[in-house]
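# Fold and geometry: a report
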Amino acid sequence: MNFLIKIEEAINKIIIRLLEKLKAVTPQFVFDYIHFMAHLPQFFAAKQKVYQPKIRIMRLKFIGYTEHYTTIFRGTITSVMIYLRSDEFKKADKFTLLLMPIKYAKAHPVKTLSGVFTLLIIAGATGIIFQNAEKIVLGTSAFRNPASRQTAEEDVFIEFKNHKFEVKVGGGGGHGAAAPEHGFELYLNIKIEAQNPKEREFLESSEKKLEHNIEALHLDVEHLPLSDENKKKIEETMIVALNTDFAKSGHASSIKKIELKQVLPVRPLYYRQAERMLPVTEINLQIFLEDTHRNRQVWIDFTLLASNRNAVLYLKEHEIEFKDHLSVNVEPVIPQLPVEEEGRLIIKDKIKMELNKFLEKNGIEGKILEVYIDYLMAS
C-alpha cells in the first residue's frame, strides 16, 4: 500500500514540475488576459455607475437638440407662411424681394460660397449614388456569391403561377363520329423567357396584357395529365401566338422560350361532386314541323354539373326563372336532333350556354361544366 502511495506522490511531483516549466515559458500577456477576462464582469459593474449617467445625458441631449431644431424649422416655415399671407408681402415690391438673396450674397460672400459649395457636393454625391444604385446592388450580390449565375439567368424570366385554364378534353374519336368533349380546369405554372433584359422589362410593363393574351388562348388538350408531347405543342403554340400579338407593338420576338408545368390538384375531380349536381325535370323543347300544324314537343330531364355549390343553390332557389329562360331562349328544333347522338350534343351545349348566360346575367360566380341527359319523351 505504501508502495502505491509513493508512486502517486512521484507522479504528482512530475506533473507539478511540468506545470512550472510550462508557466515559465508562457508569455506574461497570456496571464494578464486571463486575469482581465476573470475580472471583466466586476469591471463592467464598476464602470456602469460611471458611464450610465453620461449615456443618459447624451440621450437627453440628442432628444433635446432634435426637438429644438425641429421647433426652429417649424417656426421658420410658419413665419414664412404667415409672411406670404400678410398684407406686407402683397404690397411689397416683388423685384426687390428677388434681389435680396443677391444682396445678401454680396454682403456675405464667404458664407454664400460655403453654403453653395456644400449643397453642390451633397447634390452631386446623391446623384452619383442614385445613378449607380443598380451597379452597387449587382456588384454587392456578385461579391457575396461570385460563382453563381442564377441572378443573371433570372433577369430574363417572368413567371405566372397556378394560372387556371378551362379546357375541353376529348373530341378525337374515330369511326366517323366525334367523341364527346368534357370541360375541366387545368392549372399551369407558366415560365416565360425573354430574348434579353430589355424585352423582359417590356413584358413586365405589359404584364396585364400578357396575362389577358394567355387567357384568350385556346389550349388543344388531348388528355390529362398533359403528356410531354402535348405540353411541347402547347408551348410552341403559345410562343407563336404571343409574339404575333406583341409584334403589333414593335416587339416581334420578345419571347424566346416558354416552359409549362402542370399543377395537379390535391383532390380528385369527383371530390364532393354530388353536391355540385342538380337534377332538372320537365323541360319542354318545341319541335319545328313544316308539313303539319300540330304542336309537337320534346320533354327532357337532365342533370347539371356546376363548378361550385353556389351556382347549384342559386338555381334551386330560382328554378322557375331559369326554366322560363330556357323556354324563351332555346329555339324550336328539328325532329332529327333528339334522336341522333350529334343532335343531343347540340341540345346539351345549347342548354349549358343558356344557363351560363343566366348565371352571368344575375352576377353569380360559377359555371355549368356539363349537362347529362337523363330522359327524353316526345308528345
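Preceding this section is the structure that the text describes.
Every value quoted in this text rests on a predicted model; they were computed, and no experiment measured them.

From N to C terminus, the protein includes 15 helices and six strands. Counting only residues that meet the buried cut, the protein has 22% of its 379 residues in that class. When contacts within the protein are restricted to residue pairs at least 6 apart in sequence, long-range pairs at least 24 apart make up 67% of them. Put simply, the protein shows about 28,700 Å² of open surface, and 60% of that area lies on carbon and sulfur atoms.

Bringing helix α11 (residues 228-247) into the picture now. Its 20 residues give α11 an end-to-end C-alpha distance of 28 Å, which sits within 8% of 28 Å, the value for a rise of 1.5 Å per residue. All of the buried residues along α11 are Asn230, Lys231, Ile234, Glu235, Met238, Ile239, Leu242, Asn243 and Phe246.

Here the focus is the side chain of Thr303. When you line up the elements, Thr303 lands in strand β5 (residues 296-306). For Thr303, the contacting residues outside a window of four places in its chain are Met277, Leu278, Pro279, Glu370, Val371, Tyr372 and Asp374.

Next up on the list: the environment of Lys323. You can see Lys323 is positioned in helix α13 (residues 319-329). Taking the C-alpha atoms as reference, Lys323 lies 9.3 Å from Asn284; in sequence the two are 39 residues apart. Residue contacts for Lys323: discarding those within four places in its chain leaves Val280, Thr281 and Ile283.

It is worth spelling out the packing of aromatic side chains at this point. Applying the stated criterion across every chain yields a total of two aromatic pairs. A ring pair is formed by Tyr65 and Tyr69, whose centres lie 6.4 Å apart and whose planes are at 25 degrees; its orientation type is stacked. On the criterion of helical spacing, the pair formed by Tyr65 and Tyr69 is a turn pair, its members being four residues apart in helix α3 (residues 40-85). A single burial state applies to Tyr65 and to Tyr69, both of which are exposed. For the pair Tyr314 and Phe358, a centre-to-centre distance of 6.2 Å together with 45 degrees between the ring planes defines the contact as tilted. Taken as a pair, Tyr314 in helix α12 (residues 309-317) and Phe358 in helix α15 (residues 341-361) lie far apart in primary sequence, 44 residues in all. Side by side, Tyr314 and Phe358 carry an identical accessibility label, which is buried.

Among the surface-exposed residues, Phe3, Leu4, Ile7, Ile11, Ile15, Leu19, Leu22 and Val25 lie close enough to one another that they form a single nonpolar patch of about 820 Å² accessible area. Summarising the element assignment, Val25 is placed in helix α1 (residues 2-25). A relative accessible area of 65% places Val25 in the exposed class.

For the rest of this paragraph, the subject is unusual backbone geometry. For Glu282, which is not glycine, the phi dihedral falls at a positive 60 degrees. One can find Glu282 in strand β4 (residues 277-287). The class for Glu282 is exposed, based on a relative accessible area of 59%.

Given 3.6 residues per turn, any residue in an α-helix points the same way as the ones three and four places further on. Of all the residues in helix α9 (residues 197-205), the buried ones are Glu199, Phe202 and Leu203. For α9, the arc enclosing every buried residue in end-on projection is 100 degrees, short of the 170-degree limit, so these residues lie on one face. Structural note: α9 exposes Lys198, Glu201 and Ser205 on the side pointing more than 90 degrees away from its buried face.

Quick look at the pattern of salt bridges now. Enumeration according to the criterion identifies six salt bridges in this entry. Lys323 is the partner of Glu319 in a salt bridge, and the nearest nitrogen-oxygen pair spans 2.9 Å. Of this pair, Glu319 and Lys323 both sit in helix α13, four residues apart, which is roughly one turn of the helix. On the basis of relative accessible area, Glu319 is assigned to the partly exposed category, the value being 36%. One salt bridge connects Lys350 with Glu354, and the closest N-O pair in it is separated by 2.9 Å.

One can find Phe246 in helix α11. For Phe246, a relative accessible area of 0% puts it in the buried group. For the pair Phe246 and Asn213, spaced 33 residues apart in sequence, the C-alpha separation works out to 9.8 Å. The contact partners of Phe246, leaving out residues within four places of it in the chain, are Phe202, Leu203, Ser206, Lys209, Leu210, Asn213, His251, Ala252 and Ser254.

This next bit is on the nonpolar core. Ranked by internal contacts, the top residues of the largest apolar core, which has 26 residues, are Phe165, Ile190, Ile192, Ile214, Leu219, Met238 and Ile258. Listing elements by their share of this core, those giving two or more residues are β1 (157-169), β2 (182-194), α9, α10 (207-215), α11 and β3 (255-262). With residues up to four places along the chain from it excluded, the contact list for Ile214 reads Phe160, His163, Phe165, Ile190, Ile192, Met238 and Leu242. Core analysis: the second largest hydrophobic core is formed by 23 residues, Leu285, Tyr314, Ile351 and Val371 among them.

What follows covers the side chain of Glu235. The topology assignment puts Glu235 in helix α11. Beyond its immediate chain neighbours, meaning those up to four positions away, Glu235 contacts Ile258, Glu259 and Leu260.

So, on to the packing of α10 against α11. Between two packed helices, both the angle of their axes relative to each other and the distance between the axes serve to describe the pair. Close contact between α10 and α11 brings their axes to 11 Å; oriented N to C, the two are set at 135 degrees. Classified by the angle their axes make, α10 and α11 are oblique. Taken as a pair, α10 and α11 cross one another with a handedness that is right-handed. Between α10 and α11, the residues in contact are Lys209, Leu210, Asn213 and Ile214 and Met238, Leu242, Asp245 and Phe246, respectively. Classifying every residue of the contact of α10 with α11 gives five nonpolar, one polar and two charged.

Analysis parameters
- Residues numbered from 1 in each chain as written.
- Predicted model: local features only at pLDDT ≥ 70, side-chain atom pairs only at ≥ 80, totals over all residues.
- Heavy atoms only, no water.
- Helix = DSSP H or I, 4+ residues; strand = E, 2+ residues; numbered from the N terminus.
- Buried < 20%, exposed > 50% of the residue type's maximum accessible area, 1.4 Å probe, protein only.
- Contact = heavy atoms within 4.5 Å.
- Areas by Shrake-Rupley, 256 points an atom, 1.4 Å probe, with all protein chains shown as cover.
- Expected span 1.5 Å × (residues − 1).
- Phe/Tyr/Trp six-rings, centres within 6.5 Å; stacked < 30°, edge-to-face > 60°.
- Patch = residues over 30% accessible without salt bridge, like charges linked within 9 Å, V, L, I, M, F, W, Y side chains within 5 Å.
- Salt bridge = Lys/Arg side-chain N within 4 Å of Asp/Glu carboxyl O.
- Arc of directions from axis to C-beta.
- Core = buried A, V, L, I, M, F, W, Y, C linked by side-chain atoms within 4.5 Å.
- Axes fitted to C-alpha atoms, helices over the stretch in contact; angles between N-to-C directions.
- Parallel < 35°, antiparallel > 145°, perpendicular 65-115°, else oblique.
- Left-handed = near helix turned anticlockwise from the far one by under 90°.
- Nonpolar A, V, L, I, M, F, W, Y, C, P; charged D, E, K, R; others polar.

Everything listed here is a matter of coordinates, which is why it stays silent on function.
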